[in-house]
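Descriptive structure summary
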Amino acid sequence: VADIAVAPTRAPAQDDVTTIEVRLLLEAIYERYGYDLRGYAAASIGRRVHLALARSGLSDLGALQHRLLTDPDAFVRVLGDLTVQVTGLFRDPDFYRAIRERVVPMLRTYPLINVWLAGCATGEEAYSMAILLREEGLYERSQIYATDLSAAALERAKEGVFPAEDLAAIVDGYGRSGGGDTLEAHATVAYGQLAIKESLRRNILFFQHDLVSDHVFGEMQVVFCRNVLIYFGRALRDRVMRKLCESLCSGGFLCLGASERMAADGREPFSELAPNERIYRRTGAP
Amino acid sequence: MRVTIRSKLAAIVVAAVLALVVLIVGTNLIANRMQAELETIQGRYLPKMDLGPRLEADFERARRAFQDAVGSHDLDAVNEARDRKGAILDELAAARDFLDPAQATALREAIEGYFTTAFDVSRRLVGGETGEALVGAMAAMQAKQALATDRLKIATRLDRGELREAFGTIARTQTTVGRVRLVLSAACLALVISLAVWVGSGVLRSLGAVDDGLRRFGKGDFARPIAVVSRDELGDVAVQANQMADSLRQLMAERDRRDWLKNAQAGLVRELRGELEPEEVATRAVRFLARAVEAPAGALYTADADGSFRLAAEHALASAGGGAPARFRMGEGLVGQAARQEDLTVVSDVPPDYMRVRSGTGEGAPRAIVLVPLPHASRVVGVLELAMFKPWSEGAAELVSSVRDTLAIAIVVARARAATRELLAATQRQAERLAAQEEELRANNDELAAQEEELRTANTDLSQRTEELEAQRQTLAQRNADLDEARVRLEQRAAELTTVSAYKSQFLANMSHELRTPLNSMLLLSNLLAENEDGRLTPRQVEFARTIFSAGKDLLALINQVLDLAKVESGHQEVEIGPVPLADLAERARRVFTPLARDKGLAFAVTVAAGLPDAIPTDRRRVEQILTNLLGNAIKFTMKGEVTLRIEPAGADARFRRSDLEPGGFIAFVVCDTGLGIAPEDFERVFAPFEQVDAAADRRYGGTGLGLGIARELTALLGGELQLRSTLGAGSTFTCFLPRRPPAQLAASAAPAAIVEPSDAQSGRGRSPAASSPKAHASGSPAAAAPGPGEPFLLLIEDDPVFAATFGEVIEGQGFTYLLATNGQTGLRVARERRPKGIILDVRLPDMDGWRVMEKLRADPSTASIPVHFISALDASERGLAMGAVGYLTKPVTRRDLVSVIEALVPRAGERSARFLVVEDDAFTADSIVRVLEAERLETRRVSSAEAALAVLSRERFDCMILDLSLADMSGLDLLQALREQQGGAAPKVVVYTARALSRPETKALEAYAEAIVLKDGSSVERLLDEVRLFVRRFQSGPGRDGAPSRGLEPAPPDVRFEGRKVLVVDDDMRTVYALSATLRAKGIEVVVADTGKAALEALEARSDIEIVLMDIMMPEMDGYEAMRRIRADARFGALPIIALTAKAMKGDAEKCVEAGASRYLPKPIDADRLLALIATCLGGAGEARARG
């Protein structure tokens, strides 16, 4: 992926050096803090590293590396820059509609529903899913495990309070996702903030979890891993995919991001349930 | 009464004068009395004192005058002397006053008597008388004189007592005067002093008060006026001072008030300085102002955009029961009303229940409520409300009025700033979001680019292939014509070949028969000879006989070889794997070939390298056959020098033609000779049957030329490889590599196709029977060999020989045979005629594409039901699956992919279909389930009660039970428990199918027995079918892939270390719990399960005998960290071993667990051995601890 994304106009030698520097930086982070970003897609992580460098005000990656090695606080900030946290309540309403229409009827047959949101960022997806499950009457028997690499993001996720700047978009998304109620039934909007109601937080467990190094932790009926794999390199993606697959029960649902395709060659034991919304179903025994 | 100090002073003076007067008068009076006394003494005593001597002197002189007159005998003188008497008597008479009258009289008489006598006597004497009468008169005169002198003395004597008394009186009077004077002086003095003291003290007191007051005033303490203690001049001063103090006080109060106001204003400004949030401004303002005006509570409402007033801050209102209302509209309530007005609104008479301000020590109703509108630019931006305990004061009013503007501006500014900041923050947030979204987009782009690139590569590939195909098609067309021609010839040849083959078989059979008969006699006889029963043969002769026997046997074996080769070639060879000691092989080689070598004058040595296993698992007969062939060959073609056999580990540099062989697992049998050697171009030919390199050599050395070929085939059959290194003229080295372990496919199957070698297939010798026999199909002749009729096999329709060979191997590895069709037509024909179990279909085929093949297969009723799996480099799974394929695999593929293809196509161990028992009391539901199952062609039985179910299950064996929980006679859970007790592990798998809503504990309880729980809700029929299919697939794939092991951990044999120990497993994931429980229970451990941290604590509380805890970390309700902390907080569990099991494997996760109280840490996935070892360690330690404790 990396080789393809490299712009041909750049001097190859310089580019090689940068690539090496980025790799060394990631290696340093891994050695020092245990966060393994080495398998991330080179083009993307390269851009993030340079963004972090620009924000740090340092002159070169060597200096940044030194600072990261010696200053854990700086690492926390840089980690925030290195990971991409794009999410939103009812972002991609078609997807939620598909969940409602295609997945929920199947979920109804499970007495306990475990949902794992791998890479939940600041938790909007977890709350969207919680709202959806609540409306479908499944929330009480659901347990949502929302995990992310970033402890800072998880802290925000646990609060369940989000800026209501694009309230219109959220309301619209909620409506288009097939929400049968008003959003006010699930959240309180005041002072430019949107606070998820306490009852919706009860069955959500936020936990720090690194898809790269940590193991799966339970059998899931639904696994969300949306717009996470795009940041991973090929090998890491395959490894993570195996983990997700391992975590899913037979017949469980895997939800990927819009540009994350399940290899259609049958390599993965999945069948397509809603290919446009990237919802797949695990076939075969775990 | 006003008494001035002056009058007091005057009073003192008067008093003093009066006292002095009294004193003087008093003393004078006394002195007068004393004077009188003195005068008495003077008048009485002093004359008396003078009189005595004078009278005496007169008397004396008179006596003398008498005497003289007598002497002078002068009578005249005597008369004269007598006249003296009158003077004395006069004098006496004059002193009458102060003489005692009696005494004076007596004196007089005495004097008179004397004079009379003296006169008489004197005259007689002068008259010269003499005689006795005269002497008597003279004596009388003497007596009279003495008497008069005595009496004089008595009369003039001073009375001492009287005198003393007089003086005493005087002295007494003197004393009295002194005393009176003293008393009076003292009294006067006392009076004056007391007056002075009285006046002085009064003055001093007043002065003190005034002084004190003035001092206080000076210090600014005007609280107390000077007390007016006296109504005098000082009192006036005090009054004046008080008045002055009052004026001062007022002045100062005024100044203070002004200062306070100024300070308060400045303080507020200070308080509101800095960049504050509007809320902070409001909070600070309310707090400050409430404190400034001493209001116990206050609130500030700020105007919102909609004109209503929102509570922005409150001070001490939260305690006032419910706090302040959050919002007022314009004109609504007092606040809203106040906002309409310009001025302050003061509500004085607040009803007691209006509101109450509470504190820790009490509560009370405020006395006044003050509402202050805060106008700014003709708009009220806020309303300040203050509740007062004190009455609303002027000062407070002035202050509040004066800061209204300040406050209003502060609010406006803060809001403006907040708005700006909010905007800025929002902009930044949006910028960040945009950046993040951009990154996401870019990552997506990368992804898409990568996918596109992949597609492009595939496309390029495709177009290349298309071109190639086009070219191929043309050549094909050309070749087709050639082929047609060739086919005619081939058919003729085939017919000939059949005949020849028949002849050959006949010949071989005959020959072997013909040869075996004499050979048997020879063997029998040579054996008898070798036994040397008569003892007539020399040992050497016996040895020869043995050699004859041995050689004969070899010959027999060789004859068998001929047949073997035929069999090997036709794929009917079989191997018997058993342990073959290497020493035996070496010994045999030595025994058989030493004589032969000796005969030819060659040296022959056999060496076995050290470090080899004693024996290897292989087929002894075959290995001996290989070695015999190789050694025989070597000795045969070596004229001089030596032949050696070395048995040694395969060198690390060994290279195999078969890519799947690794040098590490092989043993090399190296046969070296110093013979002719072989030219490299002849390497292949030496292995060809019935061929020798040098035709002339054929004659010279004789032999069949079969040996090497067979050796090579056999080596391959044993999973090894035969290699040749040689230089012409410098000898040859044949190395036979044999595996140390039996090759899997050999163990699994005796299928002939096991020796498929892709490289062989490419060698053009058509040696691989499996590859060649289906190719016979291509040429139209029926398969001569495997698979037999009726035997299940797979059909592989694939034109790439390399891939076909690889896949062939995999198929055989799975225990299946297969036929290969290299084009669609052949494939279709084979499918029609032989009915394979499944078809693996390539999309790209030379004659027609896979899609058409698929269509034709589906169109033909005889092939429509055969499952088809696509494999192609072309990514078109949707199309393939849409056509009804069971799967679609895109190249490149891995071996595992291929295995899964086979699994998808052919359910294994499917001799018996799974039997289902449906336990459902509702006839309609039961019907529908049975229909679903029967549509899947599954054998189904149905019962409507638990009792019936148990009865049926005790008689018959079912593989799966579909159970409704709400049965009339027994609860589903009870049924499951009863079944578990009755049948244990042999009980059928259970799928619960219920309309009941299940609680979490119910579900967990059921999960212990049931494979799956399907609620009758949503797409439940579909789900049920899924579960059934899943079960069937598992069932068909055999018991090894079913049940507990598939859930994770291998069960281990029981272990005394663990027998009866008690372990608490805490994990919310049932899958893990089952796997752990199965492993632990198999070891004899008693397992207690808890699914949350909370449940774990309860379990520990309930059971004191738990010896170790396995703790998951990530759990709902209470996570593992918290649970461990709580366990450790309990002194009883301080030493309880806890093993943390966590999916988290990042740096620091282990430390976190240990910090929380874990004794050990084990990352998931859990390795059973490590877990058990850890438990053993922990339990060991705990056991010791217990023993010690």
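Residues numbered from 1 in each chain as written. Chains lettered and ligands numbered in written order. Predicted model: local features only at pLDDT ≥ 70, side-chain atom pairs only at ≥ 80, totals over all residues. Heavy atoms only, no water.

**Describing the interface of chain B and chain A**
- Each side of the interface is counted separately: chain B has 65 residues, and chain A has 69 residues.
- Taken over both partners, the interface formed by chain B and chain A buries close to 5,600 Å², and the fraction arising from carbon and sulfur atoms is 51%.
- The three residues of chain B that bury the most area against chain A are Arg1071, Met1114 and Met1146 of chain B, which together make up 13% of that side's buried surface.
- Taken together, the links from chain B to chain A amount to eight salt bridges.
- Ionic pairing is found between Arg47 of chain A and Glu439 of chain B, a salt bridge with its closest N-O pair at 3.3 Å.
- Inspection of the region where chain B meets chain A yields 18 residue pairs in polar contact (both at pLDDT 80 or more). (Contact = heavy atoms within 4.5 Å. Buried area = accessible area lost by both parts, 1.4 Å probe. Salt bridge = Lys/Arg side-chain N within 4 Å of Asp/Glu carboxyl O. Polar contact = N/O pair within 3.5 Å; in protein donor to acceptor, adjacent residues only side chain to side chain.)

**Brief notes about the pattern of salt bridges**
- Under the defined criterion, the tally for this structure stands at 66 salt bridges over all chains.
- The shortest N-O distance in the salt bridge between Asp211 of chain B and Arg215 of chain B comes to 2.9 Å. Of this pair, Asp211 of chain B and Arg215 of chain B both sit in helix H5 (residues 160-219), separated by four residues, roughly a single helical turn.
- Residue Asp211 of chain B is classed as partly exposed on the basis of its relative accessible area, which comes to 36%.
- Linking Glu587 of chain B and Arg590 of chain B is a salt bridge whose minimum nitrogen-to-oxygen distance equals 3.4 Å. Residue Glu587 of chain B and its partner Arg590 of chain B are both found in helix H11 (residues 582-600); the two are separated by three residues, about one turn of the helix.
- What emerges from the salt-bridge pattern is a single network uniting Arg47 and Arg48 of chain A together with Glu439 and Asp446 of chain B. (Helix = DSSP H or I, 4+ residues; strand = E, 2+ residues; numbered from the N terminus. Buried < 20%, exposed > 50% of the residue type's maximum accessible area, 1.4 Å probe, protein only.)

**Some thoughts on the confidence of the model for chain B**
Residues and elements named next belong to chain B.
- Confidence in the prediction for chain B averages 77 pLDDT; 86% of positions are at 70 or higher.
- Mean pLDDT across the secondary structure elements of chain B bottoms out at helix H16 (residues 758-763), with 30, and peaks at strand S28 (residues 1108-1112), with 91.
- This model gives residues 695-702 a pLDDT under 50, and the stretch forms 12 contacts once residues within four places in sequence are excluded.
- For this predicted complex, the interface confidence reaches an ipTM of 0.82, while the overall pTM sits at 0.49. (pLDDT = per-residue confidence, 0-100.)

**Here's the deal with helix H14 (residues 707-717) of chain B**
Residues and elements named next belong to chain B.
- With 11 of 11 residues buried, H14 is to be regarded as a mostly interior element.
- Gly707, Leu708, Gly709, Ile710, Ala711, Arg712, Glu713, Leu714, Thr715, Ala716 and Leu717 are the residues of H14 that are buried.
- Trailing H14 by a residue or two, Gly719 shows a phi angle of about 90°, which is positive.

**Structural notes on a negative patch on the surface**
All names here are of chain B.
- Residues Asp921, Asp922, Glu947 and Asp969 make up a contiguous surface patch of negative charge.
- Relative to the elements of secondary structure, Asp921 occurs in the loop between strand S21 (915-919) and helix H23 (923-935).
- A relative accessible area of 36% places Asp921 in the partly exposed class. (Patch = residues over 30% accessible without salt bridge, like charges linked within 9 Å, V, L, I, M, F, W, Y side chains within 5 Å. Areas by Shrake-Rupley, 256 points an atom, 1.4 Å probe, with all protein chains shown as cover. Lys, Arg positive; Asp, Glu negative; His and termini not counted. Charge placed at Lys NZ, Arg CZ, Asp CG, Glu CD.)

**Describing the sheet that holds strand S16 (residues 793-797) of chain B**
Residue and element names in this part refer to chain B.
- With parallel pairing, the five strands of this open sheet are ordered in space as S17-S16-S18-S19-S20. Each of the sheet's edge strands pairs with one partner strand only, and the pair in question is strand S17 (817-821) and strand S20 (887-890). Neighbour to neighbour, the strand axes of the sheet diverge by 20° on average, direction disregarded.
- Looking at chain direction, strand S19 (residues 868-872) and S20 are connected through four bridges and run parallel. Across the sheet, the residue bridging to His869 is Gly887, located in S20. (Pairing = 2+ DSSP bridges. Axes fitted to C-alpha atoms, helices over the stretch in contact; angles between N-to-C directions.)

**Here we look at unusual backbone geometry**
- Not every positive phi belongs to a glycine, and Phe90 of chain A is a case in point at roughly 55°.
- Here Phe90 of chain A shows up in the loop between helix H5 (72-82) and helix H6 (93-107).
- Take Phe90 of chain A: its relative accessible area is 2%, and that puts it in the buried class.
- Notably, Glu294 of chain B is not glycine yet its phi reads approximately 55°, a positive angle.
- Position of Glu294 of chain B among the secondary structure elements: in the loop between helix H7 (278-292) and strand S1 (297-303).

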